[in-house]
Amino acid sequence: MTDSNDKPTLGRKPLGLKRSVEAGEVKQTFSHGRTNKVVVEVKRRKLIGKPGEAAPVAAPEPVAPPPVAPPAPPPAAPRPAVAAETRQEMQARLLREAEEARLNSLEAANRREQEERQRAIDEERRRAEENRKTENAPAEAPAAEPQPEPVAAAPEVQADAAPEQATADEPATETARATAAPAPRRFTPVAAPKRPEPAKKPAPSRDRKGDEQRRGGKLTVTRALNEDEGARARSLAALKRAREKEKRAHFAGQSQPREKQVRDVIVPEAISVQELANRMAEKGADLVKALFKMGMMVTVNQTIDQDTAELLVEEFGHNIQRVSESDVDIDTASDVDSDESLQVRPPVVTIMGHVDHGKTSLLDALRGTDVVRGEAGGITQHIGAYQIKTKGGELVTFLDTPGHEAFTDMRMRGANVTDIVVLVVAADDGIMPQTIEAIRHTRAAGVPMIVAITKSDKPEANPQKVRERLLEHEVVVEAMSGDVQDVEVSAKTGAGLDTLIEKILLQAELMELRANPDRAAEATVIEAKLDKGKGPLATVLITRGTLKVGDILVVGTHSGRVRAMLDDKGRQVKTAPPALPVEVLGIGGVPMSGDTLTVVESEARAREVAAYRQEKATAKRTTSAPTSLENMFSALKDKQTVLEYPVVVKADVQGSTEAIVNALNKISNEEIKVKILQAGVGAITESDVSLAQAAGAPVIGFNVRPNAKAREMIDRHKVRMKYFDVIYHLTEDVAKEMAGIWGPERIETVVGRAEIKEIFPAGKHDKAAGLLVTDGYIKKGIHARITRDDVIVSKTTVASLRRFKDDVAEVRAGLECGVVLQDTNDIKPGDVLETFEVEMRERTL
């Protein structure tokens, strides 16, 4: 603060050096919530004046001169002396000047735009007026009277006028300008009619109104500090957006409606409304509206059937293409090779027969190897696939199947993928159950059979008896005027092996086995397993085409790419022609034995087919029969009465897992059954141990062992482990343990009956019954039951037995006695007392 003499007031401001520069910040607020901080510096100028002279005062605003010739612009009002301004006044003045400059630029831009628009309108109007005058001009026209020049408004008035007032005055000015323009030379100028000029308002009122409107958008110090102030000036960006909106509206009015595009819409069996709208390129709301008209209350996310979708597609004018979900799957039946593309392929021979009849030994003799020595228990428990080269250079593929009864499915698969079956029958053992089963599988597959009578070198061998026993099962060999070839062989001495090969080649030549090698490969999975180092492995037999390394394949519910292929001797191969068994690496999971391997064109196609098959498998597994109250209560009753023996099964190959599950299900009965929590392929893992520990079940490992982490969990949680390498040892152990859980069987044997004649009190609470023994005998401590009208009333034991007041151990039929029964007094004359003995017998499965 300063007084009138420019001297500081001592009471309000502390003494000190006067600062020549003061700095401050002012916050500006613009449209759309934008703000800006302006740093304002105030520099005080030192003025030299006479002491006692008053500070200069701001001149008043000039008044607009009378409307005569355009005068020179008035002199700007002198600024107040800087020394007389405070810091706040200086900031306010600077902000006001900045805001006025911004508003002036906005008004100038608006005015230019309106002037251009009005000028174009007036130009059009003038041209139309000239054309009209040209047509209807009179021959003589009076001379044009001189028009007074339009009086220009004072610059100060034009600058301070409101935008509305400027707009109202512009047409009159432009009209006067147009009328004052000289007429064309070829016509006589015609004077325009005089129009009364609108009465002009006094200048002060116009200045006041313009100031109020202009100040409406000004940024003052109060507004800068008050962020809640809503009134803001319209920015250049807002004007630009409004202009673009007008242009868009103008062009939208002129645009023509596009012609509707008809599409081919692919519709599956079930599709959501939104997906159908996307395929039709229509709005989902339009489809919902159409469905509402049909009486269907749906949303865009609901699924509709194919018929409803067809109605919608036709209503919107599109074409429908019906497809089924099954079209995703690969249909190999329709893909038939032409006769010109077929070439001769090696025969596939399956060796079948009873366990321990020498199948693997015969194959070892043919291959020159010793596989049987590596088999656990000397029996085959996997399907083995081999290809041998004969002395003449021909190739023959052999499949060795297990003979144990648990491997029925393996033998059935072997019969289905083979061309010729060699039925092995031991000359010293004759026809056995699995021999008969092999004959049935061969007939069901419709393939020719060759009988190989093995162990013919033994002294007790009787090949003729074998031929005669085969007649019982309608197998007539050539030696007995039939059409089935038979050979006597010995794997030990090698006798008859060349004859067997010759007969196999002869049979293959008669069958004319051919396949197309120049196409995408198809194969059948013989066996599958999970290897610790290689991952999922599948032994496949190529049926047609050639499988190459790098091919994209789909097998069952899994897809993948062929990373490597190994033949039966473990050597890597690049290509696999028809009838060659190979081990394939690179499948996404362990497939099921018997699945078909198909090569496809892309990974996307392989994933699509695998996902569809997985979805179908899940639906099949989770589908349950329609439930009813009766089914529900019977299931609850069965669950309460039936005992369950839970197990987790892990085996080395898929076929063994399948065989173990089937064998365990066979030893179940109505009172106790095996509940297989999980059956898989590969080593025992932590998840298997966790599952077994939660259910209190043992883990059965068939030719597999747990990994390090699983062993640690087994020791920590004390989970029971059972390891086997022969399948019948496994089934015997599980059956014995299930019998132990089941417990011994209770057998009741009725030994006597007596009729109650009288009831006597015995002590304070008990009652004694006088009996007449009608059948058998009654002993002290024997089990008894009381029946009344052939309905059991209670079960008890004989606590005391007397005859004529003497305790006796036994009373026979025809005699009378008195008894006191244990824990029951519900007895009446006429009831029947039945005595029985209980025997606990151990159960077997």
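Residues numbered from 1 in each chain as written. Predicted model: local features only at pLDDT ≥ 70, side-chain atom pairs only at ≥ 80, totals over all residues. Heavy atoms only, no water.

### Some details on the overall build of the protein
Along the backbone of the protein there are 20 helices and 35 strands. Counting the 845 residues in the protein, one finds 37% classified as buried. Counting contacts in the protein only where the partners sit at least 6 residues apart, residues at least 24 apart contribute 68% of the total. Of the accessible surface of the protein, which amounts to about 51200 Å², a share of 52% is contributed by carbon and sulfur atoms. (Helix = DSSP H or I, 4+ residues; strand = E, 2+ residues; numbered from the N terminus. Buried < 20%, exposed > 50% of the residue type's maximum accessible area, 1.4 Å probe, protein only. Contact = heavy atoms within 4.5 Å. Areas by Shrake-Rupley, 256 points an atom, 1.4 Å probe, with all protein chains shown as cover.)

### With respect to the sheet that holds strand E26 (residues 699-702)
What links the strands of a sheet is backbone hydrogen bonding, and the strands pair in either a parallel or an antiparallel sense. The sheet built from 4 strands is open, its strands ordered E25-E24-E26-E27 with parallel pairing. Looking at the sheet topology across the chains shown, the edges are occupied by strand E25 (672-681) and strand E27 (721-724). Across this sheet, the average inter-strand angle for adjacent strands is 25 degrees, counted without regard to direction. Two strands pair when backbone bridges link them, and E26 and E27 are joined in this way by 4 bridges, in the parallel orientation. By the bridge assignment for E27, Val699 is matched with Met721. Sitting on the sheet, helix H18 (residues 686-695) touches strand E24 (643-651), E25 and E26, and the angle it makes with E24 is about 170 degrees. (Pairing = 2+ DSSP bridges. Axes fitted to C-alpha atoms, helices over the stretch in contact; angles between N-to-C directions.)

### Considering the environment of Gln302
Tracing the backbone shows Gln302 in the loop between helix H8 (284-293) and strand E5 (303-305). With relative accessibility at 35%, the residue Gln302 sits in the partly exposed group. Considering only alpha carbons, one finds Gln302 and Gln274, 28 residues apart in sequence, at a separation of 8.2 Å. In this view, Gln302 contacts Ile271, Ser272, Val273 and Met297; residues no more than four positions away in its chain are not counted.

### With respect to unusual backbone geometry
The phi torsion of most residues other than glycine is negative, and most of the peptide bonds are trans. Phi at Glu512 takes a positive value of approximately 50 degrees, unusual for a residue other than glycine. Note that Glu512 resides in the loop between helix H14 (497-511) and strand E14 (514-515).

### Description of the sheet that holds strand E11 (residues 420-426)
Strand order in the open sheet formed by 6 strands is E9-E10-E8-E11-E12-E13, and the pairing between neighbours is mixed. The outermost strands of the open sheet, each flanked by one partner alone, are strand E9 (384-389) and strand E13 (485-488). Taken pair by pair, the neighbouring strands of this sheet meet at an average axis angle of 25 degrees, ignoring direction. Here E11 runs beside strand E12 (residues 449-454); their pairing, made up of 6 bridges, is parallel.

### Looking at the packing of aromatic side chains
If you walk through the whole model with that rule in mind, you get 0 aromatic pairs. Above the ring of Tyr723, the side-chain terminus of Arg705 is found at 4.4 Å from the ring centroid. (Phe/Tyr/Trp six-rings, centres within 6.5 Å; stacked < 30°, edge-to-face > 60°. Lys NZ or Arg CZ within 6 Å of the ring centre and 35° of its normal.)

### Re the packing of H8 against helix H9 (residues 306-315)
Two numbers describe how H8 lies on H9: the axes approach to 11 Å, and their chain directions differ by 110 degrees. On the basis of their axis angle, the class for H8 and H9 is roughly perpendicular. Of the two possible hands of crossing, H8 and H9 adopt the one that is right-handed. Together, Leu287, Ala290 and Leu291 of H8 and Thr308, Leu312 and Glu315 of H9 make up the contact between the two elements. Along the lines of polarity and charge, the residues of the contact of H8 with H9 split into 4 nonpolar, 1 polar and 1 charged. (Parallel < 35°, antiparallel > 145°, perpendicular 65-115°, else oblique. Left-handed = near helix turned anticlockwise from the far one by under 90°. Nonpolar A, V, L, I, M, F, W, Y, C, P; charged D, E, K, R; others polar.)

### Some details on the confidence of the model for the protein
Confidence in the prediction of the protein, expressed as mean pLDDT, is 76, and 73% of residues score 70 or more. Predicted confidence is poor over residues 196-207, with pLDDT under 50, and the contacts of this stretch with residues over four places away or in other chains come to 8 contacts. Below a pLDDT of 50 lies the segment residues 377-381, which in the model reaches 24 contacts outside its immediate sequence neighbourhood of four places, other chains included. (pLDDT = per-residue confidence, 0-100.)

### Topic: the packing of helix H10 (residues 359-367) against H14
Interaxial distance between H10 and H14 falls to 11 Å at its minimum, and their mutual angle equals 90 degrees. It follows from the interaxial angle that H10 and H14 lie roughly perpendicular. Here H10 contributes Leu362, Ala365 and Leu366 to the contact with H14, which in turn contributes Leu497, Leu500 and Ile501. Taken together, the residues of the contact of H10 with H14 break down into 6 nonpolar, no polar and no charged.

### Section: helix H19 (residues 708-717)
When H19 is considered as a whole, its buried residues turn out to be Ala710, Met713 and Ile714. Looking straight down H19, one finds that the buried residues subtend no more than 105 degrees of arc, so they occupy a single side. Exposed residues on H19 whose side chains face more than 90 degrees from its buried face are Ala708, Lys709, Glu712 and Asp715. Just beyond H19, the residue with positive phi is Lys718, at close to 55 degrees. (Arc of directions from axis to C-beta.)

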